[in-house]
Each structure stands twice: as structure tokens, then as C-alpha cells.
Amino acid sequence: MDEPVRRTSRRIKEKQNQEKKQILSPKCLTFRSEVKNTRKAVKRKKNDIEEEENVQETQSDNDREFPPGYREGLSKYELERLENIRQNQAFLNSLKLPQISESLRPKPKPTQKGLKKEKTETEMLPVRKSLRLQNRGPQTAVSLEISPSTYKSYEKIVKKAPGPIPLDPVNLDEDYRVPEDLLNLWNEVPLKQDTKSLDLKSYKEVLQKLSVKEGCVVKVVKDRICSAAFHPSSSSLLMAAGDKSGHLGLWKPDAKWGDDGVLCFEPHSRIITSMAFSSHPCNLITVSYDGSARSMDLEKAVFEEVYRSTSVLRSFDFLSNDCSTLLFGDGNGDVVVVDRRTPGEYESLHAMAANPLRSVHVHPVQQHYFVVAESSFVNIYDLRHLKRGNNQAVCELNGHSRSVSSAFFSPLTGNRVLTTCMDNTIRHNMHTGRWLSKLSAVWDPKHQECFVIGSMDKPRRIQVYHESGRLLHTFRDMDHLTTVCSITAFHPSRNTLLGGNSSGRLHIFTDRFIN
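The notes below deal with the structure included here. (Residues numbered from 1 in each chain as written. Predicted model: local features only at pLDDT ≥ 70, side-chain atom pairs only at ≥ 80, totals over all residues. Heavy atoms only, no water.)

## Overview of the sheet that holds strand E6 (residues 262-265)
Pairing is antiparallel across the open sheet formed by 4 strands, whose spatial order is E3-E4-E5-E6. Looking along the sheet, the strands with just one partner apiece sit at the ends: strand E3 (225-230) and E6. Averaged over neighbouring strand pairs, the angle between their axes works out to 20° when direction is ignored. As defined by bridge partners, strand E5 (residues 248-251) adjoins E6 across 4 bridges and the pair is classed as antiparallel. (Pairing = 2+ DSSP bridges. Helix = DSSP H or I, 4+ residues; strand = E, 2+ residues; numbered from the N terminus. Axes fitted to C-alpha atoms, helices over the stretch in contact; angles between N-to-C directions.)

This is how it looks when you write it as C-alpha cells:
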């Protein structure tokens with residue numbers, strides 16, 4: 001009985017040995033075709049050599065992981081298995097999968113800075129019940145009751161009372177005093193503007209140095225930004241922005257007061273269409289669709305009323321170097337001359353067109369000339385020869401076929417006029433839709449041949465053009481510039497650019513960052 005058992009065990013061992021010999025070990029197969037000695041072939045050979053060197057390096061690294069003499073006592077099959085493991089590991093290392101997975105990992109969302117979101121209580125609606133459970137028969141007509149608190153469109157806009165409005169921030173407590181450092185910055189005398197412009201090569205180098213970081217994106221107002229401006233101070237940055245509901249926000253990036261340096265006021269009840277800082281003594285002039293023009297005075301802590309119209313006010317500009325005389329354009333197609341020293345009254349009123357005036361801008365040198373954007377026309381008028389009605393333009397700038405939203409003289413000399421129109425003249429998509437502010441091209445006050453404008457293209461960007469229509473620079477940032485910035489402006493003396501979007505945020509591109 002012992003001999004048959006031994007024979008069968010021998011047969012089983014012999015059969016297992018034969019099966020081991022027949023097993024093909026998995027290997028990394030490579031295919032190399034014979035090609036001529038061309039440039040591509042040379043590059044392929046170089047790449048193959050580099051891959052072999054990498055494999056050898058990984059093999060040497062793997063050998064270091066094992067103690068010396070680890071191959072002793074291993075069978076041929078086990079050695080081939082270890083070799084296959086090394087080759088597969090080298091192939092996986094060449095794919096750089098950890099680096100790829102790290103790049104694909106979603107980045108954490110930046111923390112929101114500036115104004116905080118208001119907590120709104122959700123309205124509890126009554127529980128719906130079927131007519132059968134209420135023991136009521138079928139009804140053909142149902143009365144719908146819409147409460148004004150549920151829908152914003154039904155809320156009535158309450159106009160601000162005439163006269164001065166106290167300077168009370170809506171994002172702070174009632175007992176508020178203007179910070180001392182804000183007053184000092186507000187009253188700082190700006191430096192005289194340099195009349196010399198950089199050449200285009202140097203100007204492009206300056207633009208390339210400007211960038212945006214996380215601390216340079218802050219929510220300044222509650223709703224969509226419709227206008228923005230820089231304070232003329234060169235020692236520190238101070239910006240103002242107005243939104244569609246009449247809020248006015250001030251932002252100083254390195255300030256400790258307010259919400260991350262933001263103070264929010266409500267001087268108007270409707271869209272703030274235009275704003276500008278006056279010269280020393282400094283005031284911020286704002287105009288709105290509610291028909292009022294106000295002057296923000298920090299020393300008196302009030303918003304003084306400069307002028308009140310029965311129509312909407314769209315734009316304004318200063319008619320004198322001391323900023324005491326203003327020129328307004330309203331929704332009735334009239335221009336109004338107002339002296340700030342006699343608030344509430346106007347010096348003269350002139351009918352210009354039947355359509356609303358979208359913008360008015362005064363010539364920087366010859367201040368009796370001003371340019372008006374009216375419907376699809378751009379005209380230049382002489383203030384000295386204006387009448388009550390039937391006024392004739394001294395110059396008509398033709399060429400646009402659709403609605404013109406703005407027209408501005410070039411800074412320093414005023415020998416150019418920059419217009420923004422819905423006909424996409426510079427091959428720029430101007431169709432922002434209902435929920436975005438209209439794009440408006442504005443000059444760089446430091447360079448009278450270049451201007452900046454937002455863009456509807458993706459990824460989101462802000463673009464700087466030469467007067468010839470040539471694109472000079474594009475500002476992009478995949479992390480911090482993710483929305484359309486319809487409102488843009490350059491600082492009058494510093495290398496800084498701002499952009500405002502529809503959620504009330506300001507973006508700063510600068511070469512000097514704040515901690």
C-alpha cells in the first residue's frame with residue numbers, strides 16, 4: 001500500500017514542476033520600429049534612453065530597499081516576479097499619478113471679506129391641503145394673494161428726504177464716529193499729476209507686474225456695482241463704489257475699522273450711476289436715478305444735497321478746476337449747470353435731445369467744451385453758446401450704429417474721444433444682459449493713449465487696449481477673478497486697477513500688496 005502512494009505523490013510534484021515551467025511571466029513589452037535617422041527618430045531615441053535611465057534609477061532605488069544578498073535562496077520564478085514588480089513600479093512612477101491627483105484636488109474656497117451676509121428669516125407658508133380633506137368641492141377660479149414682503153419687485157422704493165442725510169454706516173452701530181486715520185487720508189492733498197507718459201513698452205511692463213491676491217477681493221456694497229472711483233491719495237488706497245439700490249461703500253484695504261476696512265452707507269434710494277472725488281477740500285459727489293446729487297463730507301459727517309431733479313440723473317462732471325461748478329445730464333435730455341455754493345438751485349438748464357443723456361464729460365483743458373452720448377450719437381457742444389432749446393453741436397462724431405453708453409475725452413490733452421457702444425466696434429462683446437452693469441471703457445489717467453474695459457469672455461478677464469484698438473494686456477486670475485467686472489478704473493497716480501462685479505465685490509490689481 002505504501003508504494004502506490006509514493007508514486008502518486010511523485011507524479012503530482014513532477015506535474016507541478018512542469019506547470020511552473022510553462023507559466024509565462026508578465027513583462028512590460030515595448031515596440032520599437034526601425035525608422036530613418038530623422039529628427040523625430042533622434043528625439044524618440046533620446047526619450048527612450050531617458051526612460052531606460054529612469055527605470056535603472058528606480059531599480060537601483062528598489063535594490064536599496066532590500067538588504068544585501070536577498071536574492072540568495074530564491075527560485076527563478078520568484079526572481080522573475082520581483083523583476084516584474086520593479087518594472088511595473090517604474091512605469092507607475094513615470095505616470096506621476098500623485099502629482100496629477102494633487103492638481104485635480106478641489107481648492108478650498110476663499111473666505112469672504114468685507115460686508116457680511118444679512119440673516120433673513122424664511123417666511124413660513126401655510127400647509128397645503130387638498131379640497132377633499134377640507135370637505136370642499138372643485139373650484140374653477142383661485143385667488144392668488146401676493147405679499148410685497150415675498151417679492152422684491154412689489155416693494156415700493158421710498159425716496160430719501162430732501163436736505164442733508166447723516167453719515168451713519170448701515171453695517172455698524174448707531175454710535176459711530178469717523179476714524180481719525182480715515183479723516184487724515186480723506187483730507188490729504190494729492191500729488192500733482194505727471195504730464196509725461198511712459199512709452200508703450202515700459203507701460204506694458206508696468207501692467208505685467210500688476211496682480212490680484214485673496215486679500216484684494218472684498219465685498220464693498222450689497223448689490224450690483226454700477227459705479228466706482230479711487231480717492232486721489234497716493235500714500236494709501238481708498239476706494240468708493242455705488243450699487244443699484246443706492247448703497248455707497250468705502251474700502252481701505254489695510255484698515256481695522258468696519259467689516260475688513262469697509263464702511264457702507266445709504267445716501268440714495270436707487271442706482272448710483274456716477275461718482276467722482278473733488279479736489280481739496282475733498283468731497284465725494286454721487287448722482288442717482290432717484291434724481292438727487294449729494295456730496296459726502298466726512299468732517300461734517302453728512303451727505304449734503306447738491307441738486308435735486310424731477311428726472312433721473314445719469315452722469316456729471318466738474319466744470320471748474322476747484323470743482324465748485326458741476327455739469328449734470330438727466331433723463332429728459334437736458335444738461336444742467338449747478339454751483340455747489342448755492343445748493344438746491346441750478347445756474348442754467350439747456351435742452352439737448354429728446355432722448356436721455358447717457359453721459360456728459362468736460363474737456364480737460366478747454367472746459368467750455370463738453371461731449372454728450374445721446375442715443376446712437378456722440379456730439380460736442382460749446383457751453384458758451386447754449387440756449388434754452390434747439391442747441392446745435394459744434395462737432396458730430398458719427399460711426400456708431402447702435403446705442404452709445406458713454407463718451408470721454410482723453411486725459412491731459414483731450415484730443416481724443418473714447419466711446420462705448422453696443423455695436424462691438426473693437427470686436428468686444430458688449431452684451432452684458434439684464435443682471436450685469438453695462439461695460440464702459442475708461443481712460444488710464446496716467447496714459448492718454450490707453451484705456452481699460454471689462455470682458456464677457458471666459459475665463460474672466462479685464463483688458464487694456466491702445467487707442468488704435470490693439471490689445472496691450474489681459475488681466476486673468478483663475479482663483480480670484482471668476483466673475484465679470486463691468487466697472488473698471490485706474491488709480492490717478494499709483495499703478496493700481498480696480499474692477500467691480502455684480503455681487504458687490506471690488507478686485508484690486510496692484511504691484512504693492514497690503515498685509
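From this point, things continue past the structure.
## Things to note about the environment of Met478
Tracing the backbone through its elements, the reader meets Met478 in the loop between strand E24 (471-475) and strand E25 (487-490). Note on Met478: relative accessible area 63%, which makes it exposed. Met478 sits 18 residues away from Arg460 along the chain, and the two C-alpha atoms are 8.0 Å apart. (Buried < 20%, exposed > 50% of the residue type's maximum accessible area, 1.4 Å probe, protein only.)

## Here we look at the sheet that holds E24
Reading across the sheet, the 4 strands line up as E21-E22-E23-E24 and stay open at both edges, with antiparallel pairing between neighbours. Looking along the sheet, the strands with just one partner apiece sit at the ends: strand E21 (442-444) and E24. With strand direction ignored, the average angle separating the axes of adjacent strands in the sheet is 30°. Packing against the sheet, helix H6 (residues 200-208) makes contact with E21, strand E22 (447-454), strand E23 (462-466) and E24, and its axis sits at approximately 5° to E24. (Contact = heavy atoms within 4.5 Å.)

## What about the side chain of Ser245?
For Ser245, the position within the fold is in the loop between strand E4 (239-243) and E5. Of note is the side chain of Ser245, whose polar atom sits 2.8 Å from the side chain of His247. Beyond its immediate stretch of four places on either side in the chain, Ser245 contacts Asp223, Glu266, His268, Ser269 and Arg270. (Polar contact = N/O pair within 3.5 Å; in protein donor to acceptor, adjacent residues only side chain to side chain.)

## Points about the pairing of strand E11 (residues 313-318)
Side-chain positions along a regular strand alternate between the two faces of the sheet. Within E11, 5 of the 6 residues are buried, leaving the element largely enclosed by the surrounding structure. Where E11 lies against strand E12 (residues 325-330), 5 bridges are found, and the strand directions are antiparallel. Along E12, the bridge assignment pairs Asp317 with Leu327. In sequence, E11 turns back onto E12 through a hairpin of 6 residues, with Cys323 there showing a positive phi of about 60°.

## Re helix H3 (residues 76-95)
Spanning 20 residues, H3 covers 29 Å between terminal C-alpha atoms, matching the ideal 28 Å at 1.5 Å per step. Inspection of H3 places Leu82, Asn84, Arg86 and Ala90 among the buried residues, and these make up the whole buried set. Once H3 finishes, Lys96 follows within two positions and takes phi at roughly 55°, a positive value. (Expected span 1.5 Å × (residues − 1).)

## Some remarks on a nonpolar patch on the surface
A grouping of Phe91, Leu92, Leu95, Leu97, Ile100 and Leu104 is seen on the molecular surface, where their side chains present a nonpolar patch of about 580 Å² in accessible area. Mapped by element, the contributors of at least two residues to the nonpolar patch are H3 and helix H4 (97-104). Mapping Leu97 onto the fold places it in helix H4. (Patch = residues over 30% accessible without salt bridge, like charges linked within 9 Å, V, L, I, M, F, W, Y side chains within 5 Å. Areas by Shrake-Rupley, 256 points an atom, 1.4 Å probe, with all protein chains shown as cover. Salt bridge = Lys/Arg side-chain N within 4 Å of Asp/Glu carboxyl O.)

## Regarding unusual backbone geometry
Cis geometry marks the peptide bond from Lys458 to Pro459, where omega comes out at -5°. Structurally, Pro459 is set in the loop between E22 and E23. Look at Asn390: it is not a glycine, yet its phi comes out positive at around 55°. For Asn390, the location among the structural elements is in the loop between strand E17 (377-382) and strand E18 (395-397). Using a relative accessible area of 71% as the deciding quantity, one classes Asn390 as exposed.

## Some words on the packing of aromatic side chains
One pass over the structure, following the stated rule, counts 10 aromatic pairs. Measuring from centroid to centroid gives 6.2 Å for Trp443 and Phe451, while their planes differ by 85°, and the two rings are edge-to-face. (Phe/Tyr/Trp six-rings, centres within 6.5 Å; stacked < 30°, edge-to-face > 60°.)

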